[in-house]
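The primary structure of each chain is shown beneath.
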2 protein chains.
Amino acid sequence: MVNSAQERIREEIIIPPYEGRGALLKPGEELIIIDMEGKQVGDFVCFNRNDPKEFVSPVHMRASLSSIRLKPGDALYSNRRRPLMTFVEDTVGKHDFFFPACDYYRYKNDFGMEDHPNCHDNLNKALREFGLGNESVPDPINLFMNNVLDDQGDYEIHEPLSKPGDYVRLRALEEVVIACSTCSQDMAPVNGFKVTSLKMQIVEAN
Amino acid sequence: MVNSAQERIREEIIIPPYEGRGALLKPGEELIIIDMEGKQVGDFVCFNRNDPKEFVSPVHMRASLSSIRLKPGDALYSNRRRPLMTFVEDTVGKHDFFFPACDYYRYKNDFGMEDHPNCHDNLNKALREFGLGNESVPDPINLFMNNVLDDQGDYEIHEPLSKPGDYVRLRALEEVVIACSTCSQDMAPVNGFKVTSLKMQIVEAN
């Protein structure tokens, strides 16, 4: 069950296919991101609300965690090597934090498409509503993304392992602005060749 | 042997311990980076000289190469998913491109040191001489760095496999500004607990 009897959801946000949404979290509040139909990657970014030059940074996370896998208990470290959130619960067990957001150049260079929706722009638009539209979009954590690495260090992108209703839960350690995009890649296995909705719930601090 | 009888070295640059150095390369020119004493990581960045908002980007390389290992023949892709250089020769076979540059925050937060030399600042200083000091320092390619990954996705940083005289060779595909720092971490196996010099050679285009 996603929610315990005790916890209070103060906001619920649907992220439609091919879009991004943001939210503001206070310290102690939790964010639940639910894969409603399954197999849908969510590109996730997080800024320190009080100093948006500080943001969750996958490259620094890989250093601080000595790992390229994400697991409950891990902190989401910033570009200043401080934890801004904690990854507290996960019903899937497979996520990515070494792959970039899909962007204009991906669809233009690799598919010859000028106007394909993409996570970079979805995130940028969502962040704009929180006054962060002029910041660079950081590298994302790609929730539910299933990169299968071989022992040589090469990998293939497989369909996500997430089933309908699977979720992750993160706790804010500081006041943060987060944004999440339904990964807009519909021509590859990354989202099972189909882009669907995600749901975010914000749980009040105890 | 590093250099063939035919090739002409137009410039040779020593990167002293705890420092960075930059260079400008024209298309077709090659850059050889030599680990003079062995076990020395070089943090390497590369900008499009004609538009420094474009730079070699490890996160985009990992996507374009479907890999987290670097091997001869690989292109060094930019944040616009275009190749700026090619990785043409390698006598070591083990490098990193998922780890961040060491920086002020690394030594401050993890070692309590305010003034330790670090690759981020070394690179920034080297880039300043090429008019790029106001650009963010991109994530580096960590030449000779030896991260040993287990099958869970966790890793340990081991001493580099490079012996004295080992080298890599890169070819510029566009006009680029590159910079390389002798990784300044002297309290961990990453450089064999000792920071030593690297040498760069720039080879004229045929």
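Just above sits the structure.
Bear in mind the structure is a predicted one, so any value in this text is a computation, not a measurement.

In this section: the interface of chain A and chain B. Contact with chain A, which involves 28 residues of that partner, is made by 28 residues of chain B. Linking chain A to chain B there are four salt bridges. A salt bridge links arginine 81 of chain A to aspartate 103 of chain B; its shortest N-O distance comes to 2.9 Å. At the level of elements, helix 1 (58–65) and helix 2 (104–111) of chain A are the ones that each hand at least two residues to the side of chain A that touches chain B. The element best represented in the side of chain A that touches chain B is helix 1 of chain A, accounting for four residues. When the residues that make up the side of chain A that touches chain B are grouped by side-chain class, the tally is eleven nonpolar, seven polar and ten charged.

Residue and element names in this part refer to chain A. For valine 190, the location among the structural elements is in the loop between strand 11 (176–182) and strand 12 (198–203). By relative accessible area, valine 190 is classed as buried at 6%. C-alpha of valine 190 to C-alpha of methionine 145: the two residues are 45 residues apart in sequence and 6.6 Å apart in space. Non-local contacts of valine 190, meaning those with residues more than four positions away in its chain, are made with Lys39, Val41, Met145, Ile157, His158, Pro160 and Gln185.

Next up on the list: the sheet that holds strand 12 (residues 198–203) of chain B. Residues and elements named next belong to chain B. Read from one edge of the open sheet, six strands run 1-12-3-10-6-5, paired in antiparallel fashion. Each edge of the open sheet carries a strand with a single partner, namely strand 1 (9–15) and strand 5 (75–77). Taking the axes of each pair of neighbouring strands and ignoring which way they run, one obtains an average angle of 25° across the sheet.

Residue and element names in this part refer to chain A. If you walk across this open sheet you meet the four strands as 2-11-4-7, and the pairing is antiparallel. This sheet does not close on itself; its edge strands, each paired only once, are strand 2 (20–25) and strand 7 (141–143). Between one strand axis and the next, the sheet turns by 25° as a mean value, whatever way the strands run. Each of strand 2, strand 4 (42–48) and strand 11 touches helix 3 (residues 119–128); the most contacted strand, strand 11, lies at about 140° to it.

All names here are of chain A. Note: strand 5 (residues 75–77) against strand 6 (residues 83–90), three bridges, orientation antiparallel. Looking across to strand 6, one finds that leucine 76 is bridged to methionine 85. Hairpin connection from strand 5 to strand 6: five residues lie between these consecutive antiparallel strands, with arginine 81 at a positive phi of about 65°. Pairing of strand 6 with strand 10 (residues 166–172) involves five bridges; the strand directions are antiparallel. Across the sheet, threonine 86 pairs through a bridge with arginine 171, a residue of strand 10.

Looking now at the state of the cysteines. Under the definition given, this model contains zero disulfides over all chains. Residue cysteine 183 of chain A stays outside any disulfide, its sulfur separated by 4.1 Å from that of cysteine 119 of chain A, the closest cysteine.

Moving on, we get to the packing of aromatic side chains. Within a pair of aromatic rings, the relevant descriptors are the distance that separates the centres and the angle that separates the planes. Residues and elements named next belong to chain B. Using the criterion set out here, one finds ten aromatic pairs over all chains in the structure. Summarising the aromatic geometry, the rings of phenylalanine 98 and tyrosine 155 are spaced 5.2 Å apart at their centres and angled 65° between planes, so their arrangement reads as edge-to-face. Within this pair, whereas phenylalanine 98 is found in the loop between strand 6 (83–90) and helix 2 (104–111), its partner tyrosine 155 is found in strand 9 (residues 155–158), the two being separated by 57 residues in sequence. Comparing phenylalanine 98 with tyrosine 155 shows no difference in burial state: the two are buried. Consider the rings of phenylalanine 99 and tyrosine 155, whose centres lie 6.3 Å apart with planes at 80°: the pair is edge-to-face. Here phenylalanine 99, found in the loop between strand 6 and helix 2, pairs with tyrosine 155, found in strand 9; they are 56 residues apart in sequence, far enough to count as distant. For the pair formed by phenylalanine 99 and tyrosine 155, the shared burial category is buried.

The subject of this paragraph is the relation of the copies chain A and chain B. Overlaying chain A with chain B gives an RMSD of 0.0 Å, the required rotation being 180° about an axis along which the chain moves by 0.0 Å. On the angle and the small slide along the axis, the relation comes out as a two-fold axis. Counting the interface residues of chain A, we find that 100% of their copies in chain B are interface residues as well, pointing to one common contact surface.

This part is about the environment of aspartate 96 of chain A. All names here are of chain A. Its location among the elements puts aspartate 96 in the loop between strand 6 and helix 2. Among the residues examined, aspartate 96 registers a relative accessible area of 1% and is labelled buried. Excluding residues within four positions of it along the chain, aspartate 96 makes contact with Ile141, Asn142, Met145 and Asn147. In terms of polar contacts, aspartate 96 uses its side chain to reach the side chain of asparagine 142, at 2.7 Å. Reaching out from aspartate 96, the side chain makes a polar contact with the side chain of asparagine 147 at a distance of 2.6 Å.

Residues and elements named next belong to chain B. Its location among the elements puts asparagine 142 in strand 7 (residues 141–143). Sequence separation between asparagine 142 and aspartate 110 is 32 residues; the distance between their C-alpha atoms is 20 Å. The contacts of asparagine 142, once residues within four sequence positions are left out, are Val41, Gly42, Asp43, His95, Asp96, Phe99 and Pro100. A polar contact of 3.0 Å, which involves the side chain of asparagine 142, links it to the backbone oxygen of phenylalanine 99.

This part covers unusual backbone geometry. All names here are of chain B. Phi angles above zero are rare outside glycine, and serine 66 is one such case at about 50°. Here serine 66 lies in the loop between helix 1 (58–65) and strand 5. We classify serine 66 as partly exposed; its relative accessible area is 33%. In this structure, arginine 81 is a non-glycine residue whose phi angle is positive, near 60°. Position of arginine 81 relative to the elements: it lies in the loop between strand 5 and strand 6.

Rules behind the numbers
Residues numbered from 1 in each chain as written. Chains lettered and ligands numbered in written order. Predicted model: local features only at pLDDT ≥ 70, side-chain atom pairs only at ≥ 80, totals over all residues. Heavy atoms only, no water. Contact = heavy atoms within 4.5 Å. Salt bridge = Lys/Arg side-chain N within 4 Å of Asp/Glu carboxyl O. Helix = DSSP H or I, 4+ residues; strand = E, 2+ residues; numbered from the N terminus. Nonpolar A, V, L, I, M, F, W, Y, C, P; charged D, E, K, R; others polar. Buried < 20%, exposed > 50% of the residue type's maximum accessible area, 1.4 Å probe, protein only. Pairing = 2+ DSSP bridges. Axes fitted to C-alpha atoms, helices over the stretch in contact; angles between N-to-C directions. Disulfide = S-S within 2.5 Å. Phe/Tyr/Trp six-rings, centres within 6.5 Å; stacked < 30°, edge-to-face > 60°. Least-squares fit on C-alpha atoms with pLDDT ≥ 70 in both. Polar contact = N/O pair within 3.5 Å; in protein donor to acceptor, adjacent residues only side chain to side chain.

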